[in-house]
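Understanding the architecture of this molecule
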Amino acid sequence: MICLGIEGTAHSIGVGVIKNVKGACQVLSNRIKTYQPEKGGIHPREAANHHALHIASLLSDSVQAAGVDFAEIDLVSFSQGPGLGPCLRTAATAARALALSLEKPLIGVNHCVAHLEIGRGTVKGCKDPVLLYVSGANTQVIAFAEGKYRVFGETLDVGIGNCLDKFGRELGLGFPCGPKIEEFAAKGTEYLALPYSIKGMDLAFSGILTAAEAYVQQGKRLEDVCYSLQETTFAMLTEVTERAMAHTEKQEVLLGGGVASNKRLREMVQTMAKDRGARFFVPSRDVCVDNGAMIAWLGFLMYQSGVRMKLEDSLINQRFRTDMVEVCWRD
Ligand code: AMP
Ligand code: MG
């Protein structure tokens with residue numbers, strides 16, 4: 001079965017084509033275009049306009065790169081939520097139009113669950129992980145328990161990526177700032193105390209952001225502030241992930257989302273996993289960031305297990321929670 005997936009929850013519009021090969025996901029193509037705000041954060045309407053501008057060419061590029069014909073696509077899936085309304089609507093409209101014109105089934109999928117499933121689908125040995133999903137807008141620790149993907153911990157305010165981007169934006173580092181902060185942090189030598197903000201299993205980043213910005217205003221070395229920001233927030237993420245692993249007794253940890261590219265975060269989570277005797281997995285970068293292939297793969301899993309979606313049920317849901325999905329494709 002060949003499935004085409006359209007991702008469009010936030011800054012990126014992506015089209016991926018996948019094929020099921022004996023229960024594993026083979027990515028045939030995965031094209032992404034990312035909206036870059038001229039200044040400030042993501043403006044939802046402008047991001048949606050960007051997506052609308054690029055979707056048609058992305059569709060043909062991705063299908064061509066996959067080496068298939070539109071007629072060979074068996075299923076169209078799209079990111080139904082969570083995300084920014086105008087962006088979600090643009091991707092959903094494209095998906096509906098494509099499914100109707102090809103006369104093929106349509107399935108809307110949960111973006112966060114797709115991040116987890118693409119890890120299981122593409123990373124060898126990854127079967128039942130705790131996912132640390134760290135992206136711009138989302139920060140969640142997710143694992144499968146009693147028929148659903150449950151959120152064991154999450155941010156109470158901004159996503160970790162958003163926290164890094166906001167910090168960098170104040171300094172004029174441009175978007176996205178995560179990679180630049182990582183470079184500065186690698187040259188940090190002094191740890192500056194920042195609030196360590198875990199509440200139960202949840203996390204809060206905005207107070208840390210304010211404190212880090214205050215250090216910059218006081219003239220502290222940027223390298224040290226970036227280093228301290230990473231050490232503090234990543235330690236918090238690692239702690240909550242470890243507690244979720246202990247609680248669920250899972251032996252695998254998987255990273256997902258754009259912040260998973262960060263070497264220091266990988267190192268911390270990997271060390272934690274090693275100390276527990278657990279296995280550590282990171283998907284390749286192209287399927288770790290927001291992308292169409294993961295949407296296609298989850299669409300396939302759902303379709304294969306009998307899920308069908310009527311056109312009138314394909315409305316987007318900006319607040320589509322991870323634990324609203326009935327996970328019928330797993331035992
Ligand atoms: P996503 O929303 O999953 O596409 O991820 C985008 C986020 O990942 C942005 O907030 C980036 O700043 C962040 N990001 C990308 N690369 C890195 C990195 N090397 N270190 C930290 N954050 C990163
Ligand atoms: Mg994402």
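Residues numbered from 1 in each chain as written. Chains lettered and ligands numbered in written order. Predicted model: local features only at pLDDT ≥ 70, side-chain atom pairs only at ≥ 80, totals over all residues. Heavy atoms only, no water.

1. What to know about the site of ligand 1
Taken together, 17 residues are adjacent to ligand 1, and S135, G136, D165, E182 and G258 come closest. Between ligand 1 and the protein, one listed contact pairs an oxygen atom with a backbone N or O atom of G136 at 2.9 Å. A distance of 2.7 Å is found between a nitrogen atom of ligand 1 and a side-chain nitrogen or oxygen belonging to E182. Of all elements in the fold, only α4 (160–170) and α5 (178–186) reach the threshold of two or more residues within the shell around ligand 1. (Near = heavy atom within 4 Å. Polar contact = N/O pair within 3.5 Å; in protein donor to acceptor, adjacent residues only side chain to side chain. Helix = DSSP H or I, 4+ residues; strand = E, 2+ residues; numbered from the N terminus.)

2. Details of the packing of α5 against helix α7 (residues 222–248)
Closest axis-to-axis distance for the α5/α7 pair is 7 Å, and the angle between their directions is 110°. Comparing the axis directions of α5 and α7 gives the class roughly perpendicular. Along the contact surface, α5 presents I181, E182, F184 and A185, while α7 presents L222, E223, C226, Y227 and Q230. Partitioned by chemical class, the residues of the contact of α5 with α7 number six nonpolar, one polar and two charged. (Axes fitted to C-alpha atoms, helices over the stretch in contact; angles between N-to-C directions. Parallel < 35°, antiparallel > 145°, perpendicular 65-115°, else oblique. Contact = heavy atoms within 4.5 Å. Nonpolar A, V, L, I, M, F, W, Y, C, P; charged D, E, K, R; others polar.)

3. A closer look at the domain arrangement of the protein
Domain parsing of the protein yields domain 1 (2–116 + 287–324) and domain 2 (128–282). For domain 1 versus domain 2, the distance between C-alpha centres works out to 26 Å. Contact with domain 1, which involves 18 residues of that partner, is made by 21 residues of domain 2. Across the interface of domain 1 and domain 2, roughly 1,600 Å² is buried in total on both sides, 64% from carbon and sulfur atoms. Our enumeration of links across domain 1 and domain 2 arrives at one salt bridge. (Domains from an automatic or database assignment. Buried area = accessible area lost by both parts, 1.4 Å probe. Salt bridge = Lys/Arg side-chain N within 4 Å of Asp/Glu carboxyl O.)

4. A few points about the pattern of salt bridges
Scanning the entire structure with this criterion turns up 13 salt bridges. With a shortest N-O distance of 3.9 Å, R321 and D323 are connected by a salt bridge. Looking at R321, the relative accessible area reads 32%, which means it is partly exposed. Via salt bridges that share partners, D128, K250 and R330 belong to a single interconnected network. (Buried < 20%, exposed > 50% of the residue type's maximum accessible area, 1.4 Å probe, protein only.)

5. Observations regarding the coordination of the magnesium ion (ligand 2)
When four donors bind a metal tetrahedrally, each ideal donor-metal-donor angle is 109.5 degrees, and when six bind octahedrally, the ideal angles are 90 or 180 degrees. Here the magnesium ion (ligand 2) is held by H111 (NE2), H115 (NE2), Y133 (OH) and D290 (OD), and the distances to it run 2.0 to 2.4 Å. Expressed as a motif, the donor residue spacing for the magnesium ion (ligand 2) is H-x3-H-x17-Y-x156-D. You can see Y133 sitting in strand β6 (residues 130–134) and its partner D290 sitting in the loop between α9 (285–288) and α10 (292–304), a full 157 residues away along the chain. Exposure class is identical for Y133 and D290. Each is buried. (Donors = N, O, S within 2.8 Å, 3.2 Å for Na, K, Ca; no water.)

6. Re unusual backbone geometry
A negative phi angle is the norm for most residues apart from glycine, just as the trans form is the norm for most peptide bonds. Backbone torsion omega between G81 and P82 reads -5°, so that peptide bond is classified as cis. By the element assignment, P82 lies in the loop between β4 (75–81) and α2 (85–102). Within the chain, E249 stands out as a residue other than glycine whose phi angle is a positive 60°. Take E249: it is sitting in the loop between α7 and β11 (252–256).

7. Examining the packing of aromatic side chains
Inspection of every chain in the model, using the stated rule, returns two aromatic pairs. Between W297 and F300, the aromatic rings sit 5.2 Å apart at their centres with planes inclined by 25°, giving stacked as the arrangement. Residue W297 and its partner F300 are located together in helix α10, separated by three residues, close to a single helical turn. F300 carries the same exposure label as W297, and that label is buried. The ring of F144 has R330 sitting right over it, with the charged end atom 4.1 Å from the ring centre. (Phe/Tyr/Trp six-rings, centres within 6.5 Å; stacked < 30°, edge-to-face > 60°. Lys NZ or Arg CZ within 6 Å of the ring centre and 35° of its normal.)

8. Description of the nonpolar core
Here is a general trend for soluble globular proteins: nonpolar side chains tend to be buried in one another's company. If you look at the biggest cluster of nonpolar residues, it comprises 46 residues, and the most contacted ones within it are F167, F205 and L237. Those elements that provide at least two residues to this core are β6, β7 (139–145), α4, α5, α6 (206–217), α7, β11 and α8 (263–276). Among the elements that take part in this core, α7 stands out by supplying ten residues, more than any other. Sequence-distant contacts of F205, defined by excluding residues within four places in its chain, comprise T139, T155, D157, V158, G159, I160, C163, T233, M236 and L237. The next biggest cluster of nonpolar side chains, apart from the first, holds 35 residues, and it includes I18, V123, V325 and W329. (Core = buried A, V, L, I, M, F, W, Y, C linked by side-chain atoms within 4.5 Å.)

9. Focus on the pairing of strand β3 (residues 24–34)
Both strand β2 (residues 12–21) and β3 contribute to a ladder of ten bridges, which runs antiparallel. Across the sheet, residue I13 finds its bridge partner in β3, namely K33. Taking the residues between adjacent antiparallel strands as the criterion, β2 and β3 are bridged by two residues, where K22 takes a positive phi near 50°. (Pairing = 2+ DSSP bridges.)

10. A look at the sheet that holds β4
Strands sit in the order β3-β2-β1-β4-β5 across an open sheet of five strands; the sheet is mixed. Edge positions in the open sheet fall to β3 and β5 (106–110), since each of these has one partner strand only. With direction set aside, neighbouring strand axes in the sheet form an average angle of 25°. Helix α1 (residues 44–65) contacts β1 (2–7), β2 and β3 of the sheet and is inclined by roughly 25° relative to β2.

11. Remarks on the side chain of Q230
By secondary structure assignment, the location of Q230 is in helix α7. Taking the relative accessible area as the measure of exposure, Q230 reaches 3% and is therefore buried. With sequence-adjacent residues up to four places away left out, Q230 is seen in contact with I181, E182, A185, A235, N262 and R264.

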